[in-house]
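Listed below, chain by chain, are the residues.
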Amino acid sequence: MPKVNTKKVSWEEVESWSRIVSDKILESGWRPDVIIAISRGGYVPARLICDRLVVGELVSLQVSHWPSAAQIAKEAGVKYPLECDLNHKRALIVDDIADTGESIIIAKDHIWTKCKPDELRVATLQWISTSSKIKPDYYAEEVKEWVWYQYPWTRLEDIIGFFKRIVSEEKENESWDLETLAGRFPEWFGVTFDRWYYERALSYLVSTGFFVKEGDMYRRVSK
Ligand code: ADP
């Protein structure tokens, strides 16, 4: 068993889940006039669902997480408020996954208060029913055991995070080469990626000062 239960998502799966969600919406007889993508995870699914439902209006709302004053928990909030009048419209919020459900709750509250749609529903690709405080009206998959969905739109970002995690936890190893780091992926995450991503992630981590490159080795800069 990998340390972090991870599912590497393919574009084909994204396509298929977007169709499943669109079919469920169609079968319910309800039609949105406007789709609201929660940024950033909802962008790709929202655009696909827009097309599969032939909806011409797409807006977005960024909900972000930042450290609270106590620096322990992270607080979520609307980063860029949505200024739009959705009076007389049926609106559909789209996000990739309902995990804690917090982003969706914040988005719903914001849209009801600021934009006042006639109706507001929620669609996601995944619904983690054991952790989410909210059940989306439409979803492609119910997930009962927590998994990190490694969606194609966060591939590099996640690999950067995965590298940081490995290096931070395996402290005895101060210098790493690409092969050794990449070789940790199966035991840590149960998945592997194209070399292009590993190279890009390493050069990003050098550019931000996380690593110093010495020949073929990447040495962690101690803070
Ligand atoms: P919500 O559950 O309302 O989406 P979260 O704060 O739990 O709010 O998550 C915010 C965003 O972080 C999600 O929209 C998604 O892009 C990403 N995320 C959270 N949990 C996961 C997960 N298990 N797998 C992949 N991405 C996730």
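Residues numbered from 1 in each chain as written. Predicted model: local features only at pLDDT ≥ 70, side-chain atom pairs only at ≥ 80, totals over all residues. Heavy atoms only, no water.

Asks: Please clarify how the packing of aromatic side chains should be interpreted in this entry.
Replies: Given two aromatic rings, their pairing is described by the distance between the two centres and the angle made by the two planes. Applying the stated criterion across every chain yields a total of 18 aromatic pairs. For the pair Trp-17 and Tyr-149, a centre-to-centre distance of 6.2 Å together with 70° between the ring planes defines the contact as edge-to-face. With Trp-17 in helix α1 (residues 11-28) and Tyr-149 in strand β8 (residues 148-150), the pair connects residues that are 132 residues apart, well separated along the chain. Given the relative accessible area of 5%, Trp-17 is considered buried. Both rings, one in Phe-185 and one in Phe-189, keep their centres 5.4 Å apart while their planes meet at 55°; by these two values the pair is tilted. Of this pair, Phe-185 and Phe-189 both sit in helix α6 (residues 185-189), separated by four residues, roughly a single helical turn. For Phe-185, a relative accessible area of 0% puts it in the buried group. One aromatic cluster is present, formed by Phe-162, Phe-163, Phe-185, Trp-188, Phe-189, Phe-193 and Tyr-198 through successive ring pairs. Sitting over the face of the ring of Tyr-139, Lys-24 holds its NZ or CZ atom 4.5 Å from the ring centroid. (Phe/Tyr/Trp six-rings, centres within 6.5 Å; stacked < 30°, edge-to-face > 60°. Helix = DSSP H or I, 4+ residues; strand = E, 2+ residues; numbered from the N terminus. Buried < 20%, exposed > 50% of the residue type's maximum accessible area, 1.4 Å probe, protein only. Lys NZ or Arg CZ within 6 Å of the ring centre and 35° of its normal.)

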